[in-house]
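# Overview (structure and organization)
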Amino acid sequence: IYDMNNSRDSESEESEEENPAEMNMIRIFSRRFQLSVPKLASRRRVVQELLDDLLHVSHRLFSDSFFPVLEPVIGVGSACEGWSPHKEEDVVYCMFLPLKPPPGHTFHLEPDTTGDMPQTSMRVRVEQVCTCTGEQNTLCFLHHSEEELKRNQVANLLYTLCTGPYLDVEKIALWFQTFVISAWSVVPQSCHYDVQVLPSSRSCKMRLTKASRRSIFVETIFSVQQGDSDIFLSSQPTEAQLLPSTTWLESYAVAEAKFFDHVARQAPPRSCHLKCLRLCARLLKGSTISIYALKTTVMHLLTLIPLSEWQHRYLLLRVDDTMHYLRCCLEEKRLKHFFFGNEDMPEEISLPPAFQGAQPLNLFQHLAQDPAAQIEAMLEFDKL
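Residues numbered from 1 in each chain as written. Predicted model: local features only at pLDDT ≥ 70, side-chain atom pairs only at ≥ 80, totals over all residues. Heavy atoms only, no water.

### Remarks on the overall build of the protein chain
A tally of regular secondary structure across the protein chain gives 14 helices and 12 strands. Relative to all contacts within the protein chain whose residues are 6 or more apart in sequence, the contacts with residues 24 or more apart total 67%. As presented, the protein chain carries roughly 19700 Å² of accessible surface, and 51% of it is formed by carbon and sulfur atoms. (Helix = DSSP H or I, 4+ residues; strand = E, 2+ residues; numbered from the N terminus. Contact = heavy atoms within 4.5 Å. Areas by Shrake-Rupley, 256 points an atom, 1.4 Å probe, with all protein chains shown as cover.)

In structure tokens form, the structure reads like this:
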């Protein structure tokens, strides 16, 4: 696809004049689909500052406790990457909140065999370790009696936020939601925003409302890092899955966010890759083709097509490339997952060793197994 269009790109560069008709079409698309990247970035900064301030409060409150240690949040998902397909009033800013074990505890990740999940699912086993140092004031869960621990009002993580020996997503969500409600009055942003904690059993959803009545929606998703990699376990299920409260799903959202940061640093000024993503997402709205399949397609193209060819004036060509690539994948019933066995992975993205030599997962495996669904998807896409 790129080779087909490359000659057209070269002709444009040689003429040093942008095609007025194409530029007018780009302006029409930009207005029609509200392709505003700066506003997303501005609101993301507000959300990041708010959660950073909440975490400062949590560190003061829980510094001597045995609740999970809350690490700095990481912006993930389309809004934080700068291309949300939704209208402004429907955008949700997703933040991963990594959890680390408190002193005297360790986390061990175990495969979850309790259900038949298409996505890798795991459980987080909490184990206690000795913290004896010879000092009289140091309490150890292994070597001090329950009476001593109760007398010092030490909350045992296994008794508070676990079910059996495993971290319980729903208990963590309720604990954090309660903390947000109680701590909001001491957060600086409370002078500018009212907060409403919305119902959620596996995350913390908030609506922040200014005096002007404009709202920002935030979802804090709890996560546990896999080793030192950019792959995390996430508390948030995909689509409408009903999961046990001790089940965590493998997520590539942090690695995806790092990939888009890498592209932003390498791409030319006013690169069109985010507008291309948003525009294609709006074109596919209402179809059975998932936004994640589209996002994966664009990530592949960003490694196949030189970043110099993603200048703003090439927006229509890159949209055309994206839709052609996606159609070819539908026809072949195969779309490779971006993070498995990909030799073009940027060096700054850290993946578990098993990912390097793994067979790429096929995101269109369901189409390969269901010919009728594949034919329907092709007809739908051709109408689009």
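Having seen it, we continue.
### Here we look at the pairing of strand β12 (residues 248–251)
Along a regular strand, successive side chains alternate from one face of the sheet to the other. Relative to β12, strand β5 (residues 121–128) is paired through two bridges, and the arrangement is antiparallel. Paired with M122 across the strands is W248, a residue of β12. (Pairing = 2+ DSSP bridges.)

### Remarks on the pattern of salt bridges
Taken as a whole and assessed by the stated rule, the structure comprises 10 salt bridges. A salt bridge links D321 to R318, with the nearest nitrogen and oxygen atoms 2.9 Å apart. With a gap of three residues between them, D321 and R318 both fall in helix α11 (residues 315–332), about one helical turn apart. Among the residues examined, D321 registers a relative accessible area of 0% and is labelled buried. Given the relative accessible area of 0%, R318 is considered buried. The residue D382 makes a salt bridge to R327 at a minimum N-O spacing of 2.8 Å. With D382 in helix α14 (residues 371–383) and R327 in helix α11, the pair connects residues that are 55 residues apart, well separated along the chain. Residues participating in the shared-partner salt-bridge network are R43, E88 and R214. (Salt bridge = Lys/Arg side-chain N within 4 Å of Asp/Glu carboxyl O. Buried < 20%, exposed > 50% of the residue type's maximum accessible area, 1.4 Å probe, protein only.)

### Describing the packing of helix α9 (residues 273–283) against helix α10 (residues 291–304)
In contact at an axis separation of 10 Å, α9 and α10 are set at 150 degrees when each is read in the N-to-C sense. Classified by the angle their axes make, α9 and α10 are roughly antiparallel. The hand of the α9/α10 crossing is right-handed. Mapping the contact onto sequence places H273, L277, C280 and A281 in α9 and I291, L294, K295, V298 and L302 in α10. For the contact of α9 with α10, the residue count by class is seven nonpolar, one polar and one charged. (Axes fitted to C-alpha atoms, helices over the stretch in contact; angles between N-to-C directions. Parallel < 35°, antiparallel > 145°, perpendicular 65-115°, else oblique. Left-handed = near helix turned anticlockwise from the far one by under 90°. Nonpolar A, V, L, I, M, F, W, Y, C, P; charged D, E, K, R; others polar.)

### Here's the deal with the packing of aromatic side chains
Per the counting criterion, the structure on display carries 14 aromatic pairs. Relative to F67, the ring of F62 lies with its centre 5.5 Å away and its plane at 70 degrees, an arrangement referred to as edge-to-face. Residue classification places F67 among the buried residues on the basis of a relative accessible area of 17%. Judged by centre distance (5.3 Å) and plane angle (45 degrees), the rings of F62 and W175 are tilted. With F62 in helix α3 (residues 37–62) and W175 in helix α7 (residues 169–183), the pair connects residues that are 113 residues apart, well separated along the chain. Judged by relative accessible area, which is 12%, W175 ranks as buried. Grouped by ring-pair contacts, the aromatic residues Y252, F259, F260, F338, F339, F340 and F355 constitute a single cluster. One Lys or Arg, R123, reaches over the ring of Y166 and ends 4.0 Å from the middle of that ring. Seen from the ring of W310, R318 lies directly overhead, with NZ or CZ sitting 6.0 Å from the centre. (Phe/Tyr/Trp six-rings, centres within 6.5 Å; stacked < 30°, edge-to-face > 60°. Lys NZ or Arg CZ within 6 Å of the ring centre and 35° of its normal.)

### Description of the side chain of S84
As for its position among the elements, S84 is in the loop between α4 (77–81) and β3 (92–100). Taking relative accessible area as the criterion, S84 reaches 1% and is therefore assigned buried. A polar contact of 3.3 Å, which involves the side chain of S84, links it to the backbone nitrogen of H86. In contact with S84, other than residues within four places in its own chain, are L40, S78, A79, V91 and R278. (Polar contact = N/O pair within 3.5 Å; in protein donor to acceptor, adjacent residues only side chain to side chain.)

### Re unusual backbone geometry
A positive phi angle, close to 75 degrees, is found at R213, a residue other than glycine. In this fold, R213 is placed in the loop between β9 (204–209) and β10 (215–225).

### Side note on the pairing of β5
The pairing of strand β4 (residues 105–111) with β5 spans seven bridges and is classified as antiparallel. Paired with L109 across the bridge in β5 is V124.

### Section: the state of the cysteines
Enumeration according to the criterion identifies zero disulfides in this entry. The thiol of C328 is not disulfide-bonded; the next cysteine sulfur, from C329, is found 6.9 Å away. When its relative accessible area of 36% is taken as the criterion, C328 is described as partly exposed. (Disulfide = S-S within 2.5 Å.)

### Details of the environment of L317
Within the element layout of this structure, L317 appears in helix α11. When its relative accessible area of 9% is taken as the criterion, L317 is described as buried. Expressed as a C-alpha distance, the spacing of L317 and C276, which sit 41 residues apart in the sequence, is 9.5 Å.

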